[in-house]
Structure formats: structure tokens, C-alpha cells
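Report on the structure
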Amino acid sequence: MTTPANLKYTRSHEWVRSEADGTVAVGITFHAQEQLGDIVFIQAPEAGRKVKQGEECAVIESVKAAADIYAPVSGEVIAANPEVADSPERVNRDPYAAWLFRLRPSQPAELAGLLDAAAYAKLAESEKR
Amino acid sequence: MSTIQAARRCTPLNAAHRALGARMVEFAGWDMPLHYGSQVEEHHRVRRDAGMFDVSHMLAVDVHGAAARNFLRGLLANDVAKLARPGAALYSCMLREDGGVLDDLIVYDLGREGFRLVVNAGTADRDVAWIESRRAAHGSGISLAPRRDLAIIAVQGPRAREKTWAAHPPLRAATEGLAPFHAVEAGGIFVSRTGYTGEDGFELMLSVAQAAESWQALAAQGVAPAGLGARDTLRLEAGMCLYGHDLDETVTPLESSLAWTVARAGGRDFIGARALEARPAARQLTGLVLLERGVMRDHQKVRCGAGMGEITSGGYSPTLDRSIALARLPRAVPTGETVEVEVRDNWLRARTVKPPFVRHGKILIQI
């Protein structure tokens, strides 16, 4: 399964997982990592940074290209994942476990506007063609 | 109105790539494997063991005839007179009259007044037209034969030769003593000890009918299929130019760290020779190692003490686990200078080094 049903998605290929403590974890989708190829470097946002929905907040460099990562919702960055900073290839191996950063949403209503798995799967499929 | 995409050309190994689940991309009009899962893993396999590349999109062009040697001495910037015996090979640029590089290629002495040029896929049609036009001007006694009937498999890595022999036992006796940059025909396969990775290995030119069987036999010996992605990072680590990136018609070999391939002794008059005399090289291709985190990419600007330059090939080096590049910089920039590269709106520090970065599995530069 390449589009887990329990996650929300953006049109720019981030996934978002709502955690029990009210924060969200953010990563990139299977489709995104497949398009990028081997990921070799991740520049994540610093904890404490406030971001607006759609703002560039991280960079992923692969063997092929650099890709901007956008904040899926507005909020404050709580943490970046040190494991993917040390081993960026984790994002290729298990994109839905390898979160890049966590946010505390300031506008939780934005979450409802994200894509569900079915809508994202359709988007990813249309981009492959 | 809808656009009609031209069909991509397929090598004889296309079905084999697809069966392996390769990610296929368009390259110079050809449908080629970018990788078979992980290009970094394929890169390491070549550095540490053995990998194979389908390079059948490249074109062999055979030139025969009593006048062939003289013709090629005028056509190429390196001098085929250096080819001392059948089987010897030479790397050369082919230039326009103004000294710009039309292509870089390898020429083999086939013996009996025959030569084989192996040219890049993206320039193949233009090369053949150029060579044909020069042949017509040169007069009789030369025949030209583009060899689209040949497939080419490059087997590269420290264990490439022994695995090739295991896959093709009859080749062993004929190629065990084959020196680097030499070739021999054995068992219907033209075997050359050449490559584009900085590792030992062979390039096998064989009939289209033999290609799939040879590929499977090599795979059975544990030779890892490797795609264009790994081919690019391997050649970059080896400090080798890629036509269309580090070389093109707008630059001369002298501006590309290829003065060693331009044979100017004896006043030989090859195409472009006079332009090279008249056109001093103010720039040079130099290696760069990024001192910070990030990845250098093609066309990024480089700021040096002696002026500005540009990255011609930038990327990630799996062996060094950092970004490396070839850059065209002012000639006055010395090795070991710290320069700045504009990477995504930031100026990051890099150091100039003398390529190759990596050869025969060993890191050759100081970081």
C-alpha cells in the first residue's frame, strides 16, 4: 500500500499525521520519494520557527534534484527528525515512518482542507502519466 | 491540438531492463534505465564489485580504407598515428573549424586499414553527417559504416573482468593479457578494456542477437545492472567529461582540461588546429568539493578570487558522501583555493581540487 488511509495529504506531496497530543508529523509520500530517487540530504526547519500553510520550510536534495517541502498547515515547528538528518535514505526505504518535522497547528481547521488518501492516490496516479 | 510525442528508440536490452523493474527515462531520444531501485547502491556495487551498463545507445562507426588513417589524422584533435598496433585505443575530441567540440569519442585501431569510432548517442547523427561530409571532401579510398547492428555492454568494477570470464569462459584466454585501453575481437565479441567509471573492466560490443543472452549470463555471475544515474556519478567521481554538460561546441578542449588529448606536435593540420592556436584558453575545467552540506548542480555560479565561473556537472558523490562538481573557472584559480558556489540562494564554500576525485575505489583528493 503506497497511500495509507490514516494520513492526510497535500497537492505538493507531503503527508500529515495527526498525533494524540494535538501536533502533526509531516513527511513526503511514496510517490514523491520515487520521483526524487535516492535522497542524500535533508535540511529541516528549526524548532520554534513559525510557518504559514504553504510556506517553504524544508529542502530535500536527491541524486536527481532539490525539492522544496511546504508547510501543510500553519503552526510552530516542534522538532525535526534527527534520524532522517543522519540517514536521509530512510525516506526512500519507509517514507511514511520517516517523518521530517512536527508542527503544532495554529489553525487546526486547515487540516480538514487537506486531501484524503483516495484523492491523493488519484492525484499521484495522474502525475505518473 | 495535441502534440504527438516521437517514439523513443529502444536498445536490444529494453525488455531486460523492464523485466528488472527499471525506472526508464528518455535520454537523447532513447528509452534508457535510470536505475533499477537505487542508483547509489548501483554506484557502490561498481566501486566495490562489478556492475553492468547497457550503453547500446552509443554508436560505433567503422572507417575503412587505404586513406582511413590519414583521414582520421585530419578529422580528430588527437593523433591516430599514436595507435601503434591493432587493438590500441585513443580518446579524442572531434572539433569544428573554430575549435568548438563536436563530440568526444574513442577510436580503436582494427588493423587492416580499419578503425572504429565510438561516439555519444546524442551527437551520433550529427557526427555521422559531419564525418560523411569530410570524407566526401577528402576524396576516395574511405568507407564509412555506422554499426547500429551492435549492442554495447559495459562491465565495470574491480571484479568485472573475472565475472565477465565466468559468464563467457572462451573470452578468458583472449583477454587475460589485454592491456588497459586496448581491444581484441574474440568469439564474435569486440572486447575493450575501457570504461567510463574510473574502475577496471570491459566494454563488450556484440551483435544484437547476442546481447540479451550475454546480459543474462553476466547477471547470473552477480554483475549488478546499473543505470544512467550511477553511470553519471561514477564518471563524475572519475573526473571524466560528459558531452553536453562539460563539453560542447562553444568550448575548446583547451578550456576543458583536455589539452593532453590535443596532439599538436609536428605541425599536423587537423580540423580546428588553427583556431586553437588563435584562441587562448582563459578558462579551465576544475574539480570542486563542497565544504558544507548541500548539493551543487549544473549551471550554478562560482565566485573565485580571479572572477566568476560556472558548474558544468554537479552532484552527489556516493563514495565521498558529499557534493562534488566540475566547474569552468578562470585559468588563474589555483588548486586548493576556497571558492563560493551559489546553491539555492546561498553562497556555500567549496574547494578547488584536481580531478579525478576517485579512481579504482580510492579517494584521491584531500578534503
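In this text the structure is predicted, and so the values were computed from the model without any measurement.

1. Let's talk about the overall build of chain A
Check the secondary structure of chain A and you find four helices and nine strands. In chain A, the order of α-helices and β-strands from amino to carboxyl end is β-β-β-α-β-β-β-β-β-α-α-β-α. Taking 129 residues into account, the globule formula puts the C-alpha radius of gyration at 14 Å, and chain A, at 13 Å, falls close to it. Across its three principal axes, chain A shows a C-alpha extent of roughly 35 × 30 × 25 Å.

2. Digging into the overall build of chain B
Counting its regular elements, chain B contains nine helices and 21 strands. Taking 2.2 N^0.38 as the reference for a compact globule, 367 residues should give roughly 21 Å; the C-alpha atoms of chain B span a radius of gyration of 21 Å, in line with that estimate. If one aligns the C-alpha atoms of chain B with their principal axes, the spans along those axes are about 60 × 55 × 50 Å. Restricting to contacts in chain B with at least 6 residues of sequence separation, those with at least 24 account for 67%.

3. Quick notes on the sheet that holds strand E15 (residues 301-304) of chain B
All names here are of chain B. Strands sit in the order E14-E17-E16-E15-E18-E19 around a closed barrel of six strands; the barrel is antiparallel. Strand-to-strand, the axes of this sheet are offset by a mean angle of 40°, without reference to chain direction. Inspection of the sheet shows strand E18 (residues 338-343) paired to strand E19 (residues 346-353) by six bridges, in the antiparallel sense. What sits directly across from Val 343, in E19, is Asn 346. Against the sheet, helix H8 (residues 228-237) makes contact with strand E16 (307-317) and strand E17 (322-330), and its axis sits at roughly 125° relative to E16, the strand it touches most.

4. Structural notes on the interface of chain A and chain B
Accessible area lost when the parts come together is the quantity often used to give the size of an interface. Listed as interface residues are eight residues of chain A and, on the opposing side, 12 residues of chain B. For the side of chain A that touches chain B, the secondary-structure elements that each account for two or more residues are strand E4 (39-43) and strand E6 (56-62) of chain A.

5. Some details on the environment of Gly 122 of chain B
All names here are of chain B. Counting through the fold element by element, Gly 122 comes out in the loop between strand E7 (114-119) and helix H4 (124-138). Separated by 150 residues in sequence, Gly 122 and Gly 272 have C-alpha atoms that sit 21 Å apart. Beyond its immediate chain neighbours, meaning those up to four positions away, Gly 122 contacts Ala 28, Tyr 243 and Gly 244.

6. Some words on the sheet that holds strand E1 (residues 8-9) of chain A
Consider a sheet: its strands pair through backbone hydrogen bonds, and that pairing is either parallel or antiparallel. Residues and elements named next belong to chain A. In spatial order, the strands read E1-E2-E3-E9-E8-E5; together these six strands make up an open sheet with antiparallel pairing. Each edge of the open sheet carries a strand with a single partner, namely E1 and strand E5 (50-51). Relative to strand E2 (residues 14-18), E1 is paired through two bridges, and the arrangement is antiparallel. If you follow Tyr 9 over to E2, its bridge partner there is Trp 15.

7. Here we look at the nonpolar core
Here is a general trend for soluble globular proteins: nonpolar side chains tend to be buried in one another's company. Counting residues in hydrophobic clusters, the biggest one holds 69 residues, and the most contacted among them are Leu 72, Val 107, Ile 152, Ile 153, Val 155 and Leu 204 of chain B. Leaving out residues up to four positions away in the same chain, Ile 152 of chain B has contacts with Val 55, Ser 56, Met 58, Glu 203, Leu 204 and Met 205 of chain B. In terms of nonpolar packing, the next biggest core, distinct from the first, is built from 58 residues, Val 63 and Val 84 of chain A together with Cys 304 and Val 339 of chain B among them.

8. Quick word on the environment of Gly 287 of chain B
Residue and element names in this part refer to chain B. By the element assignment, Gly 287 lies in strand E14 (residues 283-290). Residue classification places Gly 287 among the buried positions, given that 23 C-beta atoms sit within 10 Å. Taking C-alpha positions, Gly 287 is 37 Å from Ala 220, a pair spaced 67 residues apart along the chain.

9. Section: the pairing of E6 of chain A
All names here are of chain A. For E6, the buried fraction is high: five of the seven residues fall into the buried class. Inspection of the sheet shows E4 paired to E6 by four bridges, in the antiparallel sense. Following the sheet pairing, Ile 39 is matched in E6 by Ser 62. The pairing of E6 with strand E7 (residues 66-70) spans five bridges and is antiparallel.

10. Comments concerning helix H4 (residues 117-128) of chain A
The periodicity of an α-helix, 3.6 residues per turn, causes residues three or four positions apart to be oriented the same way. For H4 of chain A, built from 12 residues, the straight-helix expectation of 16 Å at 1.5 Å per residue is met to within 8% by its first-to-last C-alpha distance of 17 Å. Burial analysis of H4 of chain A places just one of its 12 residues in the buried class, a small minority of the element.

11. A word on unusual backbone geometry
Residue and element names in this part refer to chain B. Pro 356 follows Pro 355 through a cis peptide bond whose omega is 5°. Residue His 299 is not a glycine yet carries a positive backbone phi of 75°. Inspection of the secondary structure puts His 299 in the loop between E14 and E15. Unusually for a residue other than glycine, His 360 sits at a positive phi of about 50°. Looking at where His 360 falls in the secondary structure, it is placed in the loop between strand E20 (358-359) and strand E21 (362-363).

12. Here we look at the packing of helix H5 (residues 160-167) of chain B against helix H7 (residues 208-220) of chain B
Residues and elements named next belong to chain B. Packing of H5 against H7 brings their axes to within 8 Å, and their N-to-C directions diverge by 115°. Where H5 crosses over H7, the handedness of that crossing is right-handed. Within the contact between the two elements, H5 uses Lys 163, Thr 164 and Ala 167 and H7 uses Ala 217, Leu 218 and Ala 220. Grouping the amino acids of the contact of H5 with H7 by side-chain chemistry returns four nonpolar, one polar and one charged.

13. Quick look at the confidence of the model for chain B
For chain B, mean pLDDT is 96; residues scoring 70 or higher make up 99% of the total. Here the complex is predicted with pTM 0.95, and the ipTM for its interfaces comes to 0.89.

14. Details of the environment of Glu 340 of chain B
Residue and element names in this part refer to chain B. Topologically, Glu 340 is positioned in strand E18. Given 14 C-beta atoms within a 10 Å radius, Glu 340 is considered partly exposed. Separated by 10 residues in the primary sequence, Glu 340 and Ala 350 place their C-alpha atoms 5.8 Å from one another. With residues near it in sequence (within four places) discarded, Glu 340 still touches Arg 303, Trp 347, Leu 348 and Arg 349.

Reading guide: rules and limits
- Once a new chain begins, its residue numbering starts again from 1 and follows that chain's sequence as written.
- The lettering of chains begins at A and the numbering of ligands begins at 1, in the order of writing.
- Note on the predicted model: pLDDT of at least 70 is required for a residue's local features to be given, and 80 or more for side-chain atom pairs to be given and counted; whole-chain, interface and lining totals, by contrast, use all residues.
- Only DSSP runs of H or I covering at least 4 residues are called helices, and only runs of E covering at least 2 are called strands; the numbering of each starts at the N terminus.
- All radius of gyration figures rest on C-alpha atoms, and the globule criterion is 2.2 Å times the number of residues raised to 0.38.
- A pair of residues counts as a contact when their C-beta atoms, built from backbone coordinates, are within 7 Å of each other.
- What makes two strands pair is DSSP finding at least two bridges between them.
- Axes here mean lines fitted to C-alpha atoms, for a helix over just the part in contact, with angles spanning 0 to 180 degrees between N-to-C directions.
- Buried Ala, Val, Leu, Ile, Met, Phe, Trp, Tyr and Cys residues whose C-beta atoms connect them within 7 Å together make up a nonpolar core.
- With C-beta atoms placed from the backbone, a residue is labelled by how many other C-beta atoms lie within 10 Å of its own: buried for 20 or more, exposed for 12 or fewer, partly exposed between the two.
- A helix is expected to reach a length of 1.5 Å times the quantity of its residues less one.
- In a left-handed crossing the near helix is turned counterclockwise from the far helix by less than a right angle, and in a right-handed crossing that turn is clockwise.
- Gly is placed with the polar residues, together with every amino acid not listed as nonpolar (Ala, Val, Leu, Ile, Met, Phe, Trp, Tyr, Cys and Pro) or charged (Asp, Glu, Lys and Arg).
- A residue's pLDDT is simply how confident the predictor is in it, with values from 0 to 100.

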